[in-house]
Amino acid sequence: MISNKALAEQFEQFAKILELKNELSFKISAYQRAAEAIRSQGESLEEIYKRGGIKELQKIEGIGESISQKIEEYIKTGKIKELERLKNKIPKAELEFMEIPGVGPKTAKKLFEKLKAKNINELKEKLKKQGLKFFKEKTQANILRGIEIKSHLSGRMLLADAKPYVDSIIAYLNKSNLMERVTAVGSFRRFKETVGDIDLVATSSVPARAIKYFVEYPEFTKIITSGETKSTVIHSSGIQVDLEILPENEFGSLLQHFTGSKEHNIALRTYAQEHGFSISEHGIKEKSGKLILCPKEEDVYKTLKMDYIEPELREDRGEIEAALKHQLPKLVELKDVQGDLHMHSNWSDGSNSIEEMAQKAKELKYKYIAISDHTVSLAVAGGLDAKGFLKREKELKRVNQKFTSLKILNSCEVNIKPDGTLDLPEESLRRFDIVTASVHSSFNQSKEMMTKRLIRAIENPNVDIIGHPSGRIINRREGYQVDWPEIFKACVANKVALEINAFPDRLDLVDSLVQEAKKFGVKFVICTDAHNVSQMDNMIYGISVARRGWAEAKDVLSTRPFPELQTWFKKR
DNA sequence: GCCGTTTTCGGCCCGACTGTTTTCAGTCG
Ligand SMILES: Nc1nc2c(ncn2[C@H]2C[C@H](O)[C@@H](COP(=O)(O)OP(=O)(O)OP(=O)(O)O)O2)c(=O)[nH]1
Ligand SMILES: [Mg+2]
Ligand SMILES: [Mg+2]
Ligand SMILES: [Zn+2]
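Residues numbered from 1 in each chain as written. Chains lettered and ligands numbered in written order. Predicted model: local features only at pLDDT ≥ 70, side-chain atom pairs only at ≥ 80, totals over all residues. Heavy atoms only, no water.

**What about the overall build of chain A?**
The line we're drawing: Only DSSP runs of H or I covering at least 4 residues are called helices, and only runs of E covering at least 2 are called strands; the numbering of each starts at the N terminus. Taken over C-alpha atoms, the radius of gyration is set against a globule rule of 2.2 Å times the number of residues to the power 0.38. By definition in these notes, contact holds between two residues if any of their heavy atoms fall within 4.5 Å. Only the protein chains shown count as covering a residue, and every accessible area follows the Shrake-Rupley method with a 1.4 Å probe. We treat Lys and Arg as the positive residues and Asp and Glu as the negative residues; His and chain ends play no part in the count. A charge is said to be at NZ when it belongs to Lys, at CZ for Arg, at CG for Asp and at CD for Glu.
Secondary structure summary: chain A contains 24 helices and 17 strands in total. Relative to a compact globule of 572 residues, whose C-alpha radius of gyration would be 25 Å, chain A shows 26 Å and is just as compact. Each of the three principal axes of chain A carries a C-alpha extent, and together these read 80 × 60 × 50 Å. In chain A, once contacts between residues fewer than 6 apart in sequence are set aside, the share between residues at least 24 apart is 67%. On chain A, roughly 26,200 Å² of surface is accessible, and the fraction owed to carbon and sulfur atoms is 51%. Here chain A holds 92 positive side-chain charges and 83 negative ones, and the gap between their average locations is 2 Å.

So this is what it looks like as structure tokens:
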């Protein structure tokens, strides 16, 4: 079984090698675009290939004859001969040198050919000793600085982890009075699950002074560039921060440009081009050369006769076509949420009491919450057995009497055993108001077994929700192998909802699969899986996953009032 | 390499910053 990630990496490698071979830039872009298309595909490419072969693969934008054949080869043999051949011809060191910030294919090649270094460590020494023979002083210093910076870079950061840094930097910038409209953009504004850097925009009538103030932020350890309108720095946490500043009347264009995604921008600009416009962060140029200014972001889309596209949709996944046809979804919002159906109390591994969780829910103006403590076989998490849950019922009854406008539901997060049965007896399961079933063991089952296992759970009439359906943990663990279309069909047939788990390192179901599932008519619940009261505030991260998956309020059951929710889950 | 209600050939998003190339290449967003 081949992951889309592994497949995407093959084509990223292709692109890198083609760069070193000084191939046509458009050919390189084609490989990069294909890699990105594969990476952002919800369904597994292998599954798509099995369903419809090469032809089906070619329906994906950016994948044509040559690349689809390579995908087929990779699925069948586990490697791409052409890539292996190229890899053997290109010095490994050149590929490694390209990872240094500021070093591209041209410099990497020159470094290898002139200095004959085999790796970055060796390069550092040789560059210091004899670099000036081949490079001017500033260039030598810049490459050495790039090596230094590379060792401090942190890699992609969880969206939620970036938030406090973003807030602090914005607060600092707002103190200055040198700029206005300071806004976080890029992947952060699109609520992508991880961010590669922090991108900011602002307006100013004195941009040079504003940039100077920006780079003086005490937490910035390195300044990479600092120009008249743009600057790039490295934060002490190892994350890069980019800022662009333009005049007030260009703000809409700037916001649009820097929010991205790159793929969305290219698609938008290509469409504009075909209709006689040229888009940049400064405005929209007509053929005549006249510049249409866009003070507001909506102006950019309006000029192209498109509906406004929410940032979460800007991934070139069909949003431009939909905006032209006025068929964009009305995305679910945080304020639509009526309750949270997955949380743990101190009856299992949570750290707050049921009453404390309920109090927090009341503050959030929820109409219902489900206390879904773990079940017995998850011993490490203090899972309850049937007896334990019976005892807990008394406490639930007591707390429920204290809250008039909040229903506290008797629930559990029951383990799905390797064979698809649940680890609580039938008579115990029947007592719950709502049951979430999750996989917490034997993650490495084959795709066939895992799919069967999940479907057996879905077909169990006691089950209402499948919790964190893929089991992935961001930056730590890939999701287990599942035949998703089969799961989606089973959910619809059995009236079982899929959870969108809002825990910042889960965000599971992943956004691209939400979009797929929605096409099958699957319903979702967005839940925090909170283990204490403050984690109940993570709801926003689940909402953003749903939005990135094009979900509307009607797709999300936990936006409905309790009686409707109850009716929906009532089995046939 | 990909793609096509003007095309199966000939285009492919657009601009800023840096260094040293006096007019631009390399790298990046
Ligand atoms: N038109 C255009 N815009 C770009 C290009 N590269 C980047 N941008 C814009 C859109 C991006 O969202 C924005 C910020 O660039 P980043 O490299 O930080 O990407 P982004 O934040 O989307 O993802 P990230 O999480 O940082 O990897 O700048 C490009 O090649 N063309
Ligand atoms: Mg970014
Ligand atoms: Mg950036
Ligand atoms: Zn849980």
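**Some details on the protein's contact with DNA strand B**
Rules: Near, as used in this document, describes a residue that has one of its heavy atoms within 4 Å of the molecule or strand being considered. Any pair of nitrogen or oxygen atoms within 3.5 Å is treated as a polar contact; in protein, a donor-acceptor pairing is required on top of that, and neighbouring residues in sequence qualify only through side-chain atoms on both sides. Residues are grouped as follows: Ala, Val, Leu, Ile, Met, Phe, Trp, Tyr, Cys and Pro are nonpolar; Asp, Glu, Lys and Arg are charged; all remaining types, including Gly, are polar.
In the vicinity of DNA strand B, 46 residues are found, and the nearest of them are G64, K136, E228, T229 and R269. When atoms of DNA strand B within 4 Å of the protein are split into backbone and base, the sugar-phosphate part holds 78%. The separation between a phosphate oxygen of DNA strand B and a polar main-chain atom of T229 is 2.7 Å. At five residues, helix α14 (residues 262-274) tops the list of elements feeding residues into the surface near DNA strand B. Considering only residue class, the surface near DNA strand B consists of 13 nonpolar, 19 polar and 14 charged.

**Examining the site of ligand 1**
Around ligand 1 there are 16 residues in total, and R156, S187, G196, D197 and D199 lie nearest to it. Within the backbone of G196, a nitrogen or oxygen atom sits 2.8 Å from an oxygen atom of ligand 1. Contact with the protein chains hides 72% of the accessible area of ligand 1, taken as 590 Å² for the molecule alone. Contributions of two or more residues to the shell around ligand 1 are made by α11 (186-189), β4 (197-203), α13 (251-259) and α14. For the shell around ligand 1, a count of residues per class yields two nonpolar, eight polar and six charged.

**Focus: the coordination of the magnesium ion (ligand 3)**
In an ideal octahedron of six donors the angles at the metal are 90 or 180 degrees, and in an ideal tetrahedron of four donors they are 109.5 degrees. Stated precisely, the cut-off is as follows: Distances up to 2.8 Å from the metal define which N, O and S atoms are donors, and 3.2 Å serves for Na, K and Ca; water is absent from the atom set, so sites may look incomplete. The buried label applies to any residue whose accessible area, calculated with a 1.4 Å probe on protein chains only, is under 20% of its type's maximum; exposed applies above 50%, and partly exposed to all values in between.
Around the magnesium ion (ligand 3), the protein contributes the donor atoms D197 (OD), D199 (OD) and D242 (OD), at 2.0 to 2.2 Å from the metal centre. Mapped onto the sequence, the residues coordinating the magnesium ion (ligand 3) show the spacing D-x1-D-x42-D. On the basis of relative accessible area, D199 is assigned to the buried category, the value being 8%.

**Let's talk about the coordination of the magnesium ion (ligand 2)**
All of the protein donors around the magnesium ion (ligand 2) are D197 (OD) and D199 (OD); their distances to the metal are 1.9 to 2.0 Å. Between the two metal centres, the magnesium ion (ligand 2) and the magnesium ion (ligand 3), the spacing is 3.6 Å, with D197 acting as a shared donor. By the burial criterion, D197 is buried, and D199 matches it.

**A look at the pattern of salt bridges**
Put simply, the test is: The term salt bridge refers to a pairing of a side-chain nitrogen on Lys or Arg with a carboxyl oxygen on Asp or Glu at a separation within 4 Å.
Across all of its chains, the model carries 43 salt bridges by this definition. Across the salt bridge formed by E43 and R51, the nearest N and O atoms sit 2.6 Å from each other. Judged by relative accessible area, which is 9%, E43 ranks as buried. The salt bridge involving K519 is made with E516; its shortest N-O contact spans 3.2 Å. Here K519 pairs with E516, and both are found in helix α22 (residues 511-520), just three residues apart, close to one helical turn. The exposed category is assigned to K519, whose relative accessible area is 62%. Given the relative accessible area of 15%, E516 is considered buried.

**Side note on helix α4 (residues 65-77)**
Operational definition: Expected helix span is computed as 1.5 Å times (number of residues minus one).
If you check α4, its first and last C-alpha atoms are 18 Å apart, about what 13 residues at 1.5 Å a residue would give, namely 18 Å. Along α4, the residues classified as buried are I67, S68, K70, I71, E72, Y74 and I75. Structurally, α4 contributes buried residues whose contacts are with α1 (4-20), α2 (25-39), α3 (45-57) and α5 (81-89). The positive-phi residue at the C-terminal boundary of α4 is G78, with phi of around 80 degrees.

**Comments concerning the sheet that holds strand β9 (residues 283-286)**
Backbone-to-backbone hydrogen bonds join strands into a sheet, with any given pair of strands oriented parallel or antiparallel. To be explicit about the condition: Strands were regarded as paired on the criterion that DSSP finds at least two bridges between them.
The strand order β8-β9-β10 describes an open sheet built from three strands, whose pairing is antiparallel. Two strands in the sheet have a free side with no partner beyond their single neighbour: β8 (277-280) and β10 (291-292). Direction of pairing for β9 relative to β10: antiparallel, over a ladder of two bridges. In the sheet register, K285 faces β10, and the bridge partner there is L291.

**Observations concerning the sheet that holds strand β17 (residues 524-527)**
Reading across from one edge, β11-β12-β13-β14-β15-β16-β17 is the order of the seven strands in this open sheet, with parallel pairing throughout. Every other strand in the sheet has two partners, leaving β11 (339-343) and β17 as the edge strands with one partner each. Inspection of the sheet shows strand β16 (residues 497-501) paired to β17 by four bridges, in the parallel sense. Following the sheet pairing, E499 is matched in β17 by V525.

**Comments concerning the domain arrangement of chain A**
Heads up, the condition is: Segment limits for the domains were obtained from an automatic or database-derived domain assignment. Accessible area that two parts lose when put together, evaluated with a 1.4 Å probe and summed over both, is termed the buried area.
Looking at chain A, the domain boundaries give domain 1 (4-153), domain 2 (157-246), domain 3 (251-324) and domain 4 (334-570). Relative to domain 3, the C-alpha centre of domain 2 lies at a distance of 23 Å. Taken together, the two surfaces of domain 2 and domain 3 that pack against each other cover about 1,300 Å², and 65% of this comes from carbon and sulfur. For the domain 2 face of the interface with domain 3, the top three residues by lost area are R189, R190 and L246, together amounting to 48%.

**Some thoughts on a positive patch on the surface**
Our working rule: Patch building starts from residues that exceed 30% relative accessible area and form no salt bridge, then joins like charges within 9 Å and nonpolar side chains (Val, Leu, Ile, Met, Phe, Trp, Tyr) within 5 Å.
A contiguous patch of positive charge on the surface is contributed by K110, K114, K116 and K136. Position of K136 among the secondary structure elements: in the loop between α8 (120-130) and α9 (137-152). For K136, a relative accessible area of 69% corresponds to the exposed category.

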